[in-house]
Amino acid sequence: MSEHAPDSPQTFDYKHVGGRFLGLVATAIVAFIAIFAGAASNPTQFAFSYLFAFTFFLTICMGGLFWVLVHHSTDAEWSVVVRRQLENMACLLPVMGVLFIPLIFVAPLLWQWMQPENAQDPLLQEKWPYLTPWFFWGRAAFYFVFFTVAAVWLRANSVLQDTDGAPRYTVFNRRLTFASLPLFAVCLTFAAIDWLMGLDYHWFSTMWGVYIFAGSVLSALCVLVLLITALRGLGYFQNVVTPEHFHIIGKLMLAFTIFWAYIGFGQYMLIWYANIPEETIYFLRRNTESWQILSTALVVGHFFVPFLLLLPNPGKRRPAFLCAVAVWILVMHVLDVYVIVLPALHKAGVVVHWMDFACLAAVGCTVAAVFLKRLGDAPLWPLRDPRLPESIALKN
Amino acid sequence: MSEATATIEKLSDEEKQVIRPPLVLNKRTMGWISSYISSIVEDKTPTWWWVSMGITVPLTLLCLACLAYLIATGVGVWGNNHPVGWAWDITNFVFWIGIGHAGTLISAILFLTRQRWRTSINRAAEAMTLFAVVCAGIYPALHVGRVWMAWFLAPVPNANGIWQNFRSPLLWDVFAVSTYFTVSVLFWYTGLIPDLATIRDRCTSKIKKFAYGVMALGWRGGNRQWRHYEKAYLILAGLSTPLVLSVHSVVSFDFATSVIPGWHTTIFPPYFVAGAIFGGFAMVLTIMIPACAIYKPLHDLVTINHVDKMCKIILLTGSIVGYAYLMELFIAWYSGNPFERAAFWYRAFGPYWWAYAAMMFCNVIAPQMFWFKFFRTNLLWVWIIVQFPNMGMWFERFVIIATTLTRDFTPSAWGMFHPSWVDVCTFLGTFGLFTTLFLLFIRFLPMICMFEVKAVLPEADPHHGEAHH
C-alpha cells in the first residue's frame, strides 16, 4: 500500500490565501454596509434579499452536517478522507446563527403573521400557539443551539483523534450521531417551515421539509467537490483523494439530483392535480408572470441538465468536469431559493434588486472568510481515523 | 484458538467496535458454499417441507376457491359497500406490493452502492418480491369486477372504442406494477443463471440435468459470458432502482391526487416508499430467520451482522414513517382546515381508534427497540419485533383507506366497514400462496446466490495474501 502513502502537507498553509482573505473580509464589510444602508431606504426588500442569501448558505451548512451524520451513522469508509471538510462546513452553522440576527429586526416584514393587522385573521388564530413570537424565536434558538452543539462536538472529537488515533472517538461520534439524527430531521424541517413556508402562513405542504432537505444535501456535495478540488490544486490531498472519491461524490450528486426532482415533482404534481385553491396559491404565484420563466428554468437546469451530465461514468471521475457541474447545480440552488423566497415579495413578477446580490456577497464572504480562517486549525483530513487506509485505497 | 481470534480478544471494547466482522464466518470455502447451497436443492425432500406445504397448500386453495366464488358471484361477496368502496382489497394490495420493495432495494440499490453484505440475502429477498407482487396483483385484478374484461386496462384497441383514462393514477398503477414485476423477474432470473448452471453440472439424474440445463440457458461460465452477464446485471440494477421509488410513489398517488382529507397530502410518495422498505425488510427477516434456523450452516452466510444491519434499516425507515405520521398530524393542525383536522381526529379517536393506535405502536414505537444492540442481535427477539412492522404496515393501509372513507364530507353518508368471510379467507389465502411459492423456491432453486457470496470471500480478492503495510 506504500504507493498510496499520503505525500502532501497535512495542514493548510495560509500563504495560499494571502491577500485574498483580506479581500473577502473587505468585501463582506462593504457589502454589509451597503445592505444596511439599503435597508434604511427599503427595509422590505432588504428583509427578503437577506433571507434569500441566508437560506442559500444555511442549506449548504445543514447539508454538510447531514453528511457528517451519515458518515458516522453508517460507519462509512470512503468518506473518511473528505470528512474534515464536511465538518468544517457544518461548523459554520454557529456563524449562520449570528448571521440570523439581522432577520430579527425585519421579522414582521417577512413573516406577515407578526403584523398586528393580521392578528384577527381566523386562520392565524387557529395556529396559536405555534405562530407566536415567543415560540417562534424559542424554536429558532433551539435549532441553532442543536446545530452548533452537534457540529462542534463531532468535529472536536474528530480532531482529538488526530493526536492519538483512539477508536473511542469513532465509537463516541457514532453514538452522538444516532442521538443527533432525529433532532436534525426535526430542526431542519421546522426551520424550513418557520422561515420559508411561513412567508405565507396560509400555505402548507407536508413535503416542505423534505424538499428543503433535498436541496441542502445536494448543494453541500457540490461545495465539497469544489473545496476538495481547490485544495488538491494547491497541492493538498495528493494520494489521499483520488478519482475514486470523485466518482462516488459524482454518483451521490446524481442520486440527489434525482431525489430533488422526485420530491419537487411529487409536491408540485399532487398540488396541481388536486387543484385546491389554498394549496395552489404557492405555485400559481411562481408559475405566472415572469416567475414562470424561472420556475421552468429550474426544472430544466436543476434536474435535466445535471442529470444528463452526471449519468455517464467518465465525467464523474474528472474533477474539472465535476466542478463545472457542481457550480452549475449551485447556481440552480441559488435560483431555487430565490424562487422560494422572492415571489412572496414581488407578487407581480421578477424584480431583480441590487440587494439580492449584495446580500449574497455579504453572507457568502463572511462565511467564506470564517471558513478560511479556521481551515488551518486542524489537519485537512482525519489523520488517524481507523478507517483512513481503506478510505485512501478506495476502489469503486 | 487461532492467532487472529486471540489478537481480537486482547482488544478494548472500542477497538472491537471498529473492526469489520467478516461477511462469511467459520472460514467457509468456495467449495463448501457450492456444495452446501446445492445440497438444499439436491437432497431428499425433508419432512418439515411436506408438513409446511400441508398447511400452506390448503390455504392457497382456499384463496383460489374464494376467487372462483367471487368471479362466479360478483364483487359484492366482499364487504366493500358505500361509503367504504375501497377496503381490504386495496389495503391488501398495497400491503403486498409494499413487501416486495425490500427485495428490489437489496438487489438493486445495495448493488449500485457496493454494499457487499447484500450478497447472501438478495436472492431470497428478490424471490419474496416476486411472490409478494403476485399476491398483490390478485386484488386490483379482481376488484375491476368483470375480471375477464381486465385486459381493457391495457391500452390496446378494442371493439368498443374505449380508451383508458390516462389521467387516472389507477391506470398509472397498472403500468408501474407491471413494469416493476417484469423487470424484477428479469433481474432475478438473470442473477440465477450462473447458479442454475452450477446445479445443472452437479445433477445426477438426466431429467434434472435437462430441466436445469434449459433454465441455465447454456451458461458455461466463459469470460465473454461473464462480461455480458455483468453488463446486463448492472443495467437491470439501474432500471430497477427508479422502480423502487416509482411503484410505491404511484401507489401513493392513488390516494394523494384526490381531494379527500387524510389522503391528499404531499409527503405521501416518499413516505409510502419508506414504509414499503420498512415492511419489506420485516418480511425478509420473518422468512429468513426460520429458513436459517432450519438450515443451520446458513448462519455462516447470513450472519448476525447481516441481521443487525437489516434491523438498523428497519429502525431508520420506521423512524422516517414516524416522521411522516407526525408531519401529517402537524400539518393537518397547522392548515387550520376543519376537514383535515377532523380526518385525523377521527383516525386517532374515532371508531377505528384501535387501528390507528395499533399502527402507531407497531410502526413507530415497537421498532425503537432496535436502538439496542441486544435486540438487533438476538434472533428470537428480532423475529418477534419484526412481526410488529408486518402487522403495523397492514394497519397503516387500513387506517388510510377504511378510516378515511368511513367519515366523508356528508355525515348522513357515514358508515363502517365490515369484512365478509370472503375478505378474510382471501387474505389468509394469499399468505398461503406467498408461503407456498417461497417453499417451492427453497426446494427447487438455490436460495443463496452462490457465486456472489464466493466473490466476497477474502480469498476472492486478487490481492489476498499479499503483505500489508
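Before reading further, recall that the structure is shown in the block above.
These numbers come from a predicted model, not from an experiment. (Residues numbered from 1 in each chain as written. Chains lettered and ligands numbered in written order. Predicted model: local features only at pLDDT ≥ 70, side-chain atom pairs only at ≥ 80, totals over all residues. Heavy atoms only, no water.)

S.K.: Could you give an account of the overall build of chain A, with specific residues and numbers?
M.R.: Helices and strands together make up the secondary structure of chain A, namely 17 helices and zero strands. On C-alpha atoms alone, chain A measures out to a radius of gyration of 21 Å, which is about the 21 Å that the 2.2 N^0.38 rule sets for 396 residues. Across the 396 residues that make up chain A, the buried fraction comes to 60%. A sequence separation of at least 24 residues applies to 83% of the contacts in chain A between residues at least 6 apart. Element-wise, carbon and sulfur atoms account for 72% of the exposed surface of chain A, whose accessible area totals about 14,900 Å². The distance from the centre of the 23 positive side-chain charges to the centre of the 22 negative ones in chain A is 7 Å. (Helix = DSSP H or I, 4+ residues; strand = E, 2+ residues; numbered from the N terminus. Rg over C-alpha atoms; globule rule 2.2 N^0.38 Å. Buried < 20%, exposed > 50% of the residue type's maximum accessible area, 1.4 Å probe, protein only. Contact = heavy atoms within 4.5 Å. Areas by Shrake-Rupley, 256 points an atom, 1.4 Å probe, with all protein chains shown as cover. Lys, Arg positive; Asp, Glu negative; His and termini not counted. Charge placed at Lys NZ, Arg CZ, Asp CG, Glu CD.)

S.K.: Report on the packing of aromatic side chains, specifying residues and quantitative values.
M.R.: Using the criterion set out here, one finds 99 aromatic pairs over all chains in the structure. Here A:Arg286 stacks its cationic end above the ring of A:Tyr282, 3.7 Å away from the centre of that ring. (Phe/Tyr/Trp six-rings, centres within 6.5 Å; stacked < 30°, edge-to-face > 60°. Lys NZ or Arg CZ within 6 Å of the ring centre and 35° of its normal.)

S.K.: Quick one: what's the story with the interface of chain B and chain A, residue by residue and with numbers?
M.R.: If you look at the interface, chain B gives 38 residues, while chain A gives 49 residues. Both faces considered, chain B and chain A share a buried interface measuring about 3,700 Å² in area, 66% of it formed by carbon and sulfur atoms. Together, B:Arg20, B:Thr266 and B:Tyr334 form the three largest contributors to the area buried by chain B at its contact with chain A, with a combined 20%. Between A:Asp75 and B:Arg20 there is a salt bridge, with the nearest N and O atoms lying 3.0 Å from each other. (Buried area = accessible area lost by both parts, 1.4 Å probe. Salt bridge = Lys/Arg side-chain N within 4 Å of Asp/Glu carboxyl O.)

S.K.: Tell me about empty space enclosed by the protein, and please be specific about residues and values.
M.R.: Residues and elements named next belong to chain A. With the rule as written, the count across this model stands at eight cavities of 30 Å³ or more. Taken together, Leu-196, Met-197, Leu-199, Asp-200, Trp-203, Trp-208, Ile-281, Tyr-282, Arg-285, Arg-286, Ile-340 and Ala-344 make up the full set of residues lining the largest cavity. When residues in the lining of the largest cavity are grouped by element, the largest group, four residues, is from helix H12 (residues 277-286). Among the residues making up the lining of the largest cavity, the classes are represented as nine nonpolar, no polar and three charged. Taken as a whole, the second largest cavity encloses approximately 100 Å³ of empty space. In terms of lining, the second largest cavity is formed by 13 residues, of which the most central are His-71, His-72, Arg-83, Thr-170 and Asp-385. Here the residues of the lining of the second largest cavity sort into three nonpolar, five polar and five charged. (1 Å grid on protein atoms, 1.4 Å probe; cavity = no way out; pocket = protein on both sides within 12 Å on 5 of 7 lines; lining within 4 Å. Points joined across faces, edges and corners; volume = space filled by probe spheres on them. Nonpolar A, V, L, I, M, F, W, Y, C, P; charged D, E, K, R; others polar.)

S.K.: How would you sum up the pattern of salt bridges? Please name residues and give values.
M.R.: Oppositely charged side chains are able to pair whenever their charged atoms sit close together. Under the criterion given, the structure shown has 22 salt bridges over all chains. A:Asp13 is paired through a salt bridge with A:Lys15; the nearest N and O atoms lie 3.9 Å apart. According to the relative accessible area criterion, A:Asp13 is partly exposed, its value standing at 35%. Residue B:Arg20 pairs with A:Glu77 through a salt bridge whose shortest N-O separation is 2.9 Å.

S.K.: Which residues make up unusual backbone geometry, and what values go with them?
M.R.: Here the residue pair A:Trp128 and A:Pro129 is connected by a cis peptide bond, since its omega of 5° sits within 30 degrees of zero. Mapping A:Pro129 onto the fold places it in the loop between helix H7 (122-126) and helix H8 (133-164). In this chain, B:His82 is followed by B:Pro83 through a cis amide linkage whose omega measures 5°. Position of B:Pro83 relative to the elements: it lies in the loop between helix H4 (47-73) and helix H5 (88-99). With a phi angle near 50°, B:Lys27 is a residue other than glycine that sits in the positive phi range. Inspection of the secondary structure assignment puts B:Lys27 in the loop between helix H2 (13-17) and helix H3 (30-42).

S.K.: Run through H8(A), naming residues and quoting values.
M.R.: Spanning 32 residues, H8(A) covers 47 Å between terminal C-alpha atoms, matching the ideal 46 Å at 1.5 Å per step. Directly beyond the C-terminal end of H8(A), a positive phi value near 65° is found at A:Gly165. (Expected span 1.5 Å × (residues − 1).)

S.K.: How would you explain the environment of A:Ile101 if you had to name every residue and give the values?
M.R.: Residues and elements named next belong to chain A. Along the chain, Ile-101 falls in helix H5 (residues 101-105). The class of Ile-101 is partly exposed, set by a relative accessible area of 40%. For Ile-101 and Pro-319, which are 218 residues apart along the polypeptide, the C-alpha to C-alpha distance reads 37 Å.

S.K.: Tell me about helix H10 (residues 223-256) of chain B, and please be specific about residues and values.
M.R.: Its 34 residues place the ends of H10(B) 49 Å apart at the C-alpha level, agreeing with the 50 Å of an ideal helix rising 1.5 Å per residue. At B:Leu243, H10(B) shows its largest kink, close to 30°. (Bend = angle between axes of the 7 residues up to and from the residue.)

S.K.: Describe the nonpolar core, with residues and values.
M.R.: Residues and elements named next belong to chain A. Core analysis: the largest hydrophobic core is formed by 297 residues, its most contacted members being Trp-195, Trp-208 and Met-253. Ranked by residue count, the leading element in this core is helix H2 (residues 43-73), at 19 residues. What Trp-195 contacts, discounting residues up to four positions off in sequence, is Leu-51, Phe-54, Leu-58, Phe-100, Trp-111, Phe-136, Ala-140, Tyr-143 and Phe-144. (Core = buried A, V, L, I, M, F, W, Y, C linked by side-chain atoms within 4.5 Å.)

S.K.: Break down the packing of H5(B) against H10(B) for me, citing the residues and quoting the values.
M.R.: Residues and elements named next belong to chain B. Packing of H5 against H10 leaves a shortest axis separation of 10 Å and a crossing angle of 160°. If you check the angle between H5 and H10, you find them roughly antiparallel. By crossing handedness, the relation of H5 to H10 is classed as left-handed. For the pair H5 and H10, contact is made by Ile-90, Phe-93, Val-94, Ile-97 and Gly-98 and by Val-247, His-248, Val-251 and Phe-255, respectively. Classifying every residue of the contact of H5 with H10 gives seven nonpolar, two polar and no charged. (Axes fitted to C-alpha atoms, helices over the stretch in contact; angles between N-to-C directions. Parallel < 35°, antiparallel > 145°, perpendicular 65-115°, else oblique. Left-handed = near helix turned anticlockwise from the far one by under 90°.)

S.K.: Could you give an account of the environment of B:Gly238, naming the residues involved and the relevant values?
M.R.: All names here are of chain B. Of note, Gly-238 is situated in helix H10. Gly-238 gets classed as partly exposed once you look at its relative accessible area, which sits at 35%. In sequence terms Gly-238 and Ala-108 are 130 residues apart; their C-alpha atoms lie 7.1 Å from each other.

S.K.: Can you explain the side chain of B:Ser258? Please cite residues and give values.
M.R.: Note that B:Ser258 resides in the loop between H10 and helix H11 (268-294). Contact partners of B:Ser258, with chain neighbours within four places excluded, come to A:Ala274, B:Trp263 and B:His264.

S.K.: Before we move on, could you go through the environment of B:Val284 and cite the residues and values that matter?
M.R.: Residues and elements named next belong to chain B. When you line up the elements, Val-284 lands in helix H11. Classification of Val-284 by relative accessible area gives buried; the value is 1%. The sequence separation of Val-284 and Met-149 amounts to 135 residues, and the corresponding C-alpha distance is 35 Å. In this structure, Val-284 is in contact with Ala-102, Ile-106, Ala-125, Met-128 and Met-310, ignoring residues within four places of it in sequence.

S.K.: Talk me through the packing of helix H7 (residues 122-143) of chain B against helix H17 (residues 421-444) of chain B; I want residue IDs and the actual numbers.
M.R.: Residues and elements named next belong to chain B. For the pair H7 and H17, the least separation of the axes is 10 Å and the interaxial angle reads 150°. With respect to H17, the axis of H7 lies roughly antiparallel. Like other packed secondary-structure pairs, H7 and H17 cross with a definite hand, here right-handed. Listed contacts from H17 to Arg-123, Ala-124, Ala-127, Met-128, Phe-131, Ala-132, Val-134, Cys-135, Ile-138 and Tyr-139 of H7 are Thr-426, Phe-427, Thr-430, Leu-433, Phe-434, Leu-437, Phe-438 and Phe-441. Considered class by class, the residues forming the contact of H7 with H17 number 15 nonpolar, two polar and one charged.

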